[in-house]
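Notes for the structure review
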Amino acid sequence: MSVRKHKRKTAKHSYKNHRSPKSVNQTGFVSHYPRSSMFAGVLLIVISLFLLIIGMGSEAKFGLAMLSMAVGTIIIFFANLALPKKAIKMNK
């Protein structure tokens with residue numbers, strides 16, 4: 001095999017089994033602090049309910065309330081997934 005062909009083949013397959021460190025260590029606020037994220041999600045839902053009660057005539061407040069409720073629900077869902085699961089110990 002010629003030297004040039006060998007260089008082409010090694011360059012073509014050099015990416016296998018290599019991951020960028022950036023993709024491995026991607027973590028966010030929700031995964032680091034799930035309980036705080038739950039609190040923030042509940043807070044957003046409470047704010048949205050307050051906006052619905054106070055601003056019944058305004059369409060802008062209604063839209064903001066719906067957006068806040070949707071974001072709060074999504075944050076709570078992902079924070080619930082990120083919570084550590086407790087191991088059940090069996091005593092014999």
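Every value quoted in this text rests on a predicted model; they were computed, and no experiment measured them.

**Observations regarding the overall build of the protein chain**
A tally of helices and strands in the protein chain yields five helices and zero strands. Ordered by position from the N terminus, the helices and strands of the protein chain form the series α-α-α-α-α. Burial status across the protein chain gives 13% buried among its 92 residues. Restricting the contact set of the protein chain to residue pairs at least 6 apart, pairs at least 24 apart contribute 60%. Looking at the protein chain as shown, the accessible area adds up to about 8400 Å², and 66% of this sits on carbon and sulfur atoms.

**Quick word on helix α4 (residues 34-54)**
For α4, spanning 21 residues, the distance from its first C-alpha to its last is 30 Å, which sits close to the expected 30 Å at 1.5 Å a residue. Where α4 is concerned, the buried positions are Pro34, Ser37, Gly41, Ser48, Leu51 and Leu52. Looking straight down α4, one finds that the buried residues subtend no more than 100° of arc, so they occupy a single side. Along α4, the residues that are exposed and aim more than 90 degrees away from the buried face are Arg35, Phe39, Phe50, Ile53 and Ile54. Of the surrounding elements, those touching the buried residues of α4 are α3 (29-32) and α5 (59-82).

**Brief notes about a nonpolar patch on the surface**
Taken together, Ile74, Phe77, Phe78 and Leu81 make up a surface patch of nonpolar side chains, about 430 Å² in accessible area. Relative to the helices and strands, phenylalanine 78 is located in helix α5. Since its relative accessible area comes to 46%, phenylalanine 78 is described here as partly exposed.

**Focus: the side chain of serine 68**
Structurally, serine 68 is set in helix α5. For serine 68, a relative accessible area of 10% gives the class buried. Non-local contacts of serine 68, meaning those with residues more than four positions away in its chain, are made with Leu44 and Ser48.

**Some thoughts on the environment of isoleucine 47**
On the secondary structure map, isoleucine 47 appears in helix α4. Classification of isoleucine 47 by relative accessible area gives partly exposed; the value is 40%. Spatially, the C-alpha atom of isoleucine 47 lies 9.7 Å from that of leucine 64, the residues being 17 residues apart in sequence.

**Focus on the packing of aromatic side chains**
All told, the structure shown has one aromatic pair when counted by the stated rule. Measuring from ring centre to ring centre gives 5.4 Å for phenylalanine 77 and phenylalanine 78, while their planes differ by 70°; the resulting arrangement is edge-to-face.

**Here we look at α5**
Three- or four-residue spacings in an α-helix give side chains the same orientation, since the helix completes a turn every 3.6 residues. Its 24 residues place the ends of α5 35 Å apart at the C-alpha level, agreeing with the 34 Å of an ideal helix rising 1.5 Å per residue. Where α5 is concerned, the buried positions are Ala65, Ser68, Gly72 and Ala79.

Quick notes on the rules
- Residues numbered from 1 in each chain as written.
- Predicted model: local features only at pLDDT ≥ 70, side-chain atom pairs only at ≥ 80, totals over all residues.
- Heavy atoms only, no water.
- Helix = DSSP H or I, 4+ residues; strand = E, 2+ residues; numbered from the N terminus.
- Buried < 20%, exposed > 50% of the residue type's maximum accessible area, 1.4 Å probe, protein only.
- Contact = heavy atoms within 4.5 Å.
- Areas by Shrake-Rupley, 256 points an atom, 1.4 Å probe, with all protein chains shown as cover.
- Expected span 1.5 Å × (residues − 1).
- Arc of directions from axis to C-beta.
- Patch = residues over 30% accessible without salt bridge, like charges linked within 9 Å, V, L, I, M, F, W, Y side chains within 5 Å.
- Salt bridge = Lys/Arg side-chain N within 4 Å of Asp/Glu carboxyl O.
- Phe/Tyr/Trp six-rings, centres within 6.5 Å; stacked < 30°, edge-to-face > 60°.

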